[in-house]
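Descriptive structure summary
Single-letter residue listing:
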Amino acid sequence: MSWRDWVRDVEVEPSLYAADFARLGEQIEVLLEAGCRIFHFDVGDGHFVEPVTIGPVVLESIAPLVHDAGGVLDCHLMVDNPLRHFPQIAAAGGDNATFHYEVVDDVPATIAAAREHGLQAGVAFNPETEPEDVAAVAADADLVLCMSIHPGYSGQKFMPEAVDRIGLLRAALPEHVFVQVDGGIDGETAPAARAAGATLLVAGSAVFGHEAPGAAYRRLVQDLA
C-alpha cells in the first residue's frame, strides 16, 4: 500500500500532537467513525525542535486501533538524526516517515533508507528554506511537507506567505509527489492551501480544539469539497 492508495482527492490529517492524551484512543475512534483515515503523528527530539513530543511507545499503542480500521499513521520526524529513528518508527507501526531537509546531507539516500524499513517517505522543510531547493532533490519522495509555521508547537497561526510557497513547490515537483501543509490549518486557511496545490492538510487545533473532534473534522472536509 502507498499514498496513491490512501489519498481520496484531498485529505485532512488530524495532528495527534494536539489531542487530549487522557482520551487519545477514544478521540481516534471518534475520528475514524467520522471518516478520517490518515493521522499525523509528530515526533520531536528536543534538539531540532525544542519540545520532546510523543514517540514510538505511543505510536505502538495506537497503531492496531488505526490499522484495524483501515487507517494510516503519517509520522513527521522533527529530529536531528532521522536515520536513527526509521527502524523504531517502522517497528512501532508507522506507515510513512517524513524527515526535514535541513538536517540531512543526502535527501535521496535518506528517502531510500526510509524505504528499506518498509516506510513511505516524505521530505519536510521550514519557512526559511526555498521550495525550489527542496523540490530539486525530492523527486523520489512520496510527499513534500511545506511548513506553514515554525515546527515544534501546536496552535500557531498560519503564515500567509505559505500560500505562495505551496504554489512554488507544487509547480516544481513531479505530479506524482503529494504536497502536504502543516501549521495553522483551519476552515479559513485550508481552502487557500488546497487551491495553491496542497493535497494533504494537517490540522491540529482546528480538530482537537473543539468539544466534538469528529464534527470539526467533517466540517473541514466539507469546506474542501
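This text follows the structure it describes.
Owing to the predicted nature of the structure, the values given are computational and were not obtained by experimental measurement.

What counts, and where the lines are drawn
- Residues numbered from 1 in each chain as written.
- Predicted model: local features only at pLDDT ≥ 70, side-chain atom pairs only at ≥ 80, totals over all residues.
- Heavy atoms only, no water.
- Helix = DSSP H or I, 4+ residues; strand = E, 2+ residues; numbered from the N terminus.
- Buried < 20%, exposed > 50% of the residue type's maximum accessible area, 1.4 Å probe, protein only.
- Pairing = 2+ DSSP bridges.
- Axes fitted to C-alpha atoms, helices over the stretch in contact; angles between N-to-C directions.
- Right-handed = clockwise from strand over helix to strand, strands pointing away.

Take Ala22: it is sitting in the loop between β1 (11–14) and α2 (24–33). By relative accessible area, Ala22 is classed as exposed at 74%. Between the alpha carbons of Ala22 and Leu220 there is a distance of 24 Å; along the sequence they are 198 residues apart.

Strand order across the open sheet formed by eight strands is β1-β8-β7-β6-β5-β4-β3-β2, with parallel pairing between neighbours. Looking at which strands have only one partner, the edges of the open sheet turn out to be β1 and β2 (38–44). On average, adjacent strands in this sheet sit at an angle of 25° to one another, irrespective of strand direction. Note: strand β7 (residues 178–182) against strand β8 (residues 200–203), three bridges, orientation parallel. Residue pairing for β8: Val181 is matched across the bridge by Leu201.

Sheet faces and side chains relate simply in a regular strand, where the side chains alternate between the two faces. Of all six residues making up strand β5 (residues 120–125), six are buried, and the element is well covered by its neighbours. Burial of β5 is two-sided: the residues Gln120, Gly122 and Ala124 facing one way and the residues Ala121, Val123 and Phe125 facing the other way are all buried. Sheet topology note: the strand β4 (residues 96–100)/β5 ladder contains five bridges and is parallel. Looking at the pairing, His100 lines up with Ala124 of β5. Handedness of the β-α-β unit built from β4, helix α5 (residues 107–116) and β5 comes out right-handed. Alignment of β5 against strand β6 (residues 143–147), held across four bridges, turns out to be parallel. The residue of β6 that forms the bridge with Gly122 is Leu143.

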